[in-house]
Amino acid sequence: MTKRLYIQDVATRDGFQIEPAFVPTEDKIALIDRLAETGLAKIEVTSFTSPKAIPNLRDAEAVMRGIHRVPGVDYTVLVPNVKGCERALACEVDEINLVMSASDTHGLANLRMTPEQSLEQFKAILEVTRGSEVFVNASLSTAFGCPFEGEVPEPRVHELVQRLLDIGVQGVTLCDTTGMADPAQVERLCREVLERHPQVVFTAHFHNTRGMGLANALAALNAGIDRFDASLGGLGGCPYAPGASGNICTEDLVHMFQRMGLDTGVDLDRLLACAASLPELVGHEIPGAILKAGKAARRYPRPAWMDATA
Ligand code: COA
Ligand code: ZN
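Predicted model, so just to flag it, every value in this text is computed and none were measured.

Attention shifts here to the overall build of the protein. Within the protein, the regular secondary structure consists of 14 helices and eight strands. For a compact globule of 310 residues, the expected C-alpha radius of gyration is about 19 Å, and the protein comes in at 19 Å, within 12% of that figure. Projected onto its principal axes, the C-alpha positions of the protein cover 80 × 40 × 40 Å. The buried share of the protein, reckoned over its 310 residues, is 54%. The long-range fraction of contacts in the protein, counting pairs at least 24 apart against all pairs at least 6 apart in sequence, stands at 75%. Accessible area for the protein stands at about 13200 Å²; split by element, carbon and sulfur atoms hold 52% of it.

Pasting the structure below:
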């Protein structure tokens, strides 16, 4: 039996947070509702962050309350602190995705918190979520390298993963925030976390900043990862990580996995139709390759001269 992969779209969060223009609330809702019909396992709808820090997602409540919830799709939101958690729970999200950084400098730049301070916030958040059914995931930014500090030692990443699990987090996402990871590093780190914590749900989150995004996804797959964050059209990036650019592109990732004969559960044509609406929505071209090139199954007519009769 083909192993099932889980594709999680983050375009309306990781993507829209860094767009130059605010995407109107009703357009966000319409896009999320269309994405929910494509077979994606999870959608990261928005973030409950400070509207001063992330003005593009200041309509988080309206979006979360405005969408039509499709059974079988998990709706998650990014949350940095207790206030964000309370806002998220009030909207009855399926999951909260806690965000912290593996490096002090990016943590302070992005969240005004060191990893230690984030862990303290998370303990308080887990007090708030206790007794509720919400799934608590944590995303570890800069797990493969920090744009300020450079290398993040692998033992430090393992230590932070362990501490997240110790306080009660149920799933962990390893994030390559600015596309610094290479496939050998990804395979090593992913193998090691899966070996140490076989019962835990791990997700890989790559940005294609240096063109290594799909190679890294493949490396993670080879290590045993079955959950991938990706962004429709390849939008994305952290506004507080210098040099950040788009996530791996969801339709490119699904196309690659399908070509390899893997089961993503996603209807690629429906996904491409969603991607086709993006350039107008955001007002610029999008990085994704398959929308431009067509699927590998695309065929062109032979040059006319070959069929010309003498
Ligand atoms: N939702 C809404 N407002 C929030 C909030 C939340 N989750 N957390 C804090 N605020 C508000 C406070 O109420 C306060 O408002 P006021 O100025 O009107 O009194 C203001 O934000 C500052 O609060 P404070 O707790 O001092 O936060 P801070 O200035 O230290 O910033 C964060 C910390 C985490 C709130 C902020 O850095 C943030 O939202 N970062 C998100 C970054 C992000 O999403 N990056 C991209 C994803 S990787
Ligand atoms: Zn990201």
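Picking up after the structure, the text goes on.
Moving on, we come to the coordination of the zinc ion (ligand 2). Bound to the zinc ion (ligand 2) on the protein side are Asp 14 (OD), His 205 (NE2) and His 207 (NE2), at distances that span 2.0 to 2.1 Å. Of note, the zinc ion (ligand 2) draws all its donor residues from one chain, in the sequence arrangement D-x190-H-x1-H. Here the residue Asp 14 occupies a position in helix H1 (residues 11-15), and His 207 occupies one in the loop between strand E7 (201-206) and helix H9 (213-223), the gap between them amounting to 193 residues.

Let us look at the environment of Phe 135. Tracing the backbone shows Phe 135 in strand E5 (residues 135-141). When the C-alpha atoms of Phe 135 and Thr 114 are compared, they prove to be 24 Å apart, with 21 residues separating the residues in sequence. Beyond its immediate sequence surroundings of up to four residues, Phe 135 is in contact with Asp 94, Glu 95, Ile 96, Gln 170, Gly 171 and Val 201.

This part takes up the site of ligand 1. Lining the immediate environment of ligand 1, one finds 20 residues, of which Ser 50, Lys 52, Asn 81, Arg 87 and Asn 110 sit closest. At 3.1 Å from a nitrogen atom of ligand 1 is found a main-chain nitrogen or oxygen belonging to Thr 49. In this structure, a nitrogen atom belonging to ligand 1 sits 2.8 Å away from a side-chain N or O atom of Arg 87. For ligand 1, whose unbound accessible area comes to 930 Å², protein coverage reaches 68%. Put simply, ligand 1 lies in the largest pocket. Contributing elements (two or more residues each) for the shell around ligand 1: helix H4 (82-90) and helix H5 (104-111). When residues in the shell around ligand 1 are grouped by element, the largest group, three residues, is from H4.

All right, on to the pairing of strand E1 (residues 6-9) then. Alignment of E1 against strand E8 (residues 227-230), held across four bridges, turns out to be parallel. Bridging across to E8, Tyr 6 finds its partner in Arg 227. Pairing of E1 with strand E2 (residues 42-47), which is carried by two bridges, proceeds in the parallel orientation. When the sheet's bridge partners are listed, Asp 9 is paired in E2 with Ile 43.

Further remarks concern the packing of aromatic side chains. Overall, the coordinates contain two aromatic pairs when judged by the stated rule. Between Phe 144 and Phe 206, the ring centres sit 5.9 Å apart and the planes meet at 50°, which makes this aromatic pair tilted. With Phe 144 in the loop between E5 and helix H7 (154-166) and Phe 206 in strand E7, this residue pair connects regions lying 62 residues apart in the sequence. A ring pair is formed by Phe 228 and Phe 257, whose centres lie 5.2 Å apart and whose planes are at 55°; its orientation type is tilted. Remark: Phe 257 occurs in helix H10 (residues 250-259) and Phe 228 occurs in strand E8; sequence separation between them is 29 residues. Comparing Phe 228 with Phe 257 shows no difference in burial state: the two are buried. Just above the ring of Phe 22 sits the side chain of Arg 58; from NZ or CZ to the centre is 4.0 Å.

Calculation rules
Residues numbered from 1 in each chain as written. Chains lettered and ligands numbered in written order. Predicted model: local features only at pLDDT ≥ 70, side-chain atom pairs only at ≥ 80, totals over all residues. Heavy atoms only, no water. Helix = DSSP H or I, 4+ residues; strand = E, 2+ residues; numbered from the N terminus. Rg over C-alpha atoms; globule rule 2.2 N^0.38 Å. Buried < 20%, exposed > 50% of the residue type's maximum accessible area, 1.4 Å probe, protein only. Contact = heavy atoms within 4.5 Å. Areas by Shrake-Rupley, 256 points an atom, 1.4 Å probe, with all protein chains shown as cover. Donors = N, O, S within 2.8 Å, 3.2 Å for Na, K, Ca; no water. Near = heavy atom within 4 Å. Polar contact = N/O pair within 3.5 Å; in protein donor to acceptor, adjacent residues only side chain to side chain. 1 Å grid on protein atoms, 1.4 Å probe; cavity = no way out; pocket = protein on both sides within 12 Å on 5 of 7 lines; lining within 4 Å. Sits in = over half its atoms within 2 Å of the grid points. Pairing = 2+ DSSP bridges. Phe/Tyr/Trp six-rings, centres within 6.5 Å; stacked < 30°, edge-to-face > 60°. Lys NZ or Arg CZ within 6 Å of the ring centre and 35° of its normal.

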